[in-house]
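As a plain string of letters, each chain reads:
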Amino acid sequence: MRNTRTLTRRAAVSAASAVAALVLAACGGGDGSGSGPTAAHGSASASAGAHNAQDVSFAQGMIPHHRQALEMARLAAGRASSAQVEDLAARIEKAQEPEIRTMSGWLTSWGEDVPGSSGSDAESMPGMDHSGSGMPGMMAASDMAALGKASGKDFDARFLAMMVDHHKGAVDMATAEKKKGAYAPATSLADDIVAAQTAEITEMNELLGNG
C-alpha cells in the first residue's frame, strides 16, 4: 500500500514538473527561435538604430557648419575685447567639437563620406567659401577674412552678428532633422542644437543691444 502511494506521489510530481516546463517554454521562447520578449526588445533596438537619407544629410551638412563655427570661435581668444564674447566663443568650441566627432562616427559606421576627412585638415577648412553650399548661415570667405583682421569692439560686433546668422542656419538644419530624421541619436542631437543655439542667439542679440 505504501509503495502504491509513493508511486502515485512521484507520478504527480513528474506531471507537475512537465507542466511547469511547458509553461516556461511557452513564456520564454524556450525553443531558441528568438520569439520571446528578449528577441522583441532586440528588434526594437535594431529599429531604433535605423537611419535614413535625412540623417546622412544632417550629419554631412552639420559637420562643416560646426567646423566654421569653431574657426570663428577660435579667433576670439586674441581679438575680442569683451570677456562675455570670449566666454561665449569658448562655450561654442566646447560644445561643437565633440558633436563633430559624434557625427563623424555615425557617418563612418554607415559607410558614408565624412566631409573633409580626405583633405589636408579634416578638422577645419579656413578660408574656404561655403556661402554657396546650400547650408543656411554659412559665411563667405570674405566675411571670414574680415573677421580674422578685426580686433577689439569691431571684432566683437562682427563676431556676434555673424554667429547669430550662423546659429540661425544651424537651428534650421536641426529643425529639418527633427521633422524628417529616423536615427534617434541624430534627432536627439538636433533637439540639443535647437535648444542650445536658440538660447545663444538670444544671448548674442542682447550683447549686440538687439534684445
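Nothing here was measured: the structure is a model prediction, and the numbers come from that model.

Enquirer: So what exactly am I meant to see when it comes to helix α4 (residues 83–110) here?
Expert: Between its first and last C-alpha atoms α4 spans 41 Å; for 28 residues at 1.5 Å apiece the expected length is 40 Å, and the two agree. Turning to α4, its buried residues number three or more, namely V85, L88, A89, I92, Q96, E99, I100, M103, S104, W106, L107 and W110. Buried-residue contacts for α4 involve α3 (53–79), α6 (152–180) and α7 (184–208). The opening residue of α4 is S82, an N-cap whose side-chain oxygen sits 3.1 Å from the backbone nitrogen of Q84. Positive backbone phi, at 75 degrees, marks G111, one or two positions downstream of α4.

Enquirer: How do you make sense of the packing of helix α5 (residues 141–149) against α6 when you look at a structure like this?
Expert: For any two helices packed against each other, the geometry comes down to the angle between their axes and how far apart the axes lie. For the pair α5 and α6, interaxial distance at closest approach is 9 Å and the crossing angle is 150 degrees. Here the hand of the crossing between α5 and α6 comes out left-handed. Listed contacts from α6 to D143, M144, A146 and L147 of α5 are F155, R158, F159 and M162. Classifying every residue of the contact of α5 with α6 gives six nonpolar, no polar and two charged.

Enquirer: Could you clarify how one ought to interpret the confidence of the model for the protein in this entry?
Expert: Low-pLDDT stretches of the model should not have their predicted coordinates read in fine detail. On average, residues of the protein score 79 in pLDDT, and 68% of them reach the 70 mark or higher. Taken element by element, the predicted model of the protein shows its lowest mean pLDDT in helix α2 (residues 37–48) (35) and its highest in α6 (98). In the predicted structure, residues 1–48 sits below a pLDDT of 50 and forms eight contacts with residues beyond four places in sequence or in another chain. Segment residues 119–132 is flagged for pLDDT under 50; beyond a separation of four residues in sequence, or across chains, it makes 29 contacts in the model.

Each value, and the rule that gives it
- Residues numbered from 1 in each chain as written.
- Predicted model: local features only at pLDDT ≥ 70, side-chain atom pairs only at ≥ 80, totals over all residues.
- Heavy atoms only, no water.
- Helix = DSSP H or I, 4+ residues; strand = E, 2+ residues; numbered from the N terminus.
- Expected span 1.5 Å × (residues − 1).
- Buried < 20%, exposed > 50% of the residue type's maximum accessible area, 1.4 Å probe, protein only.
- Contact = heavy atoms within 4.5 Å.
- Polar contact = N/O pair within 3.5 Å; in protein donor to acceptor, adjacent residues only side chain to side chain.
- Axes fitted to C-alpha atoms, helices over the stretch in contact; angles between N-to-C directions.
- Left-handed = near helix turned anticlockwise from the far one by under 90°.
- Nonpolar A, V, L, I, M, F, W, Y, C, P; charged D, E, K, R; others polar.
- pLDDT = per-residue confidence, 0-100.

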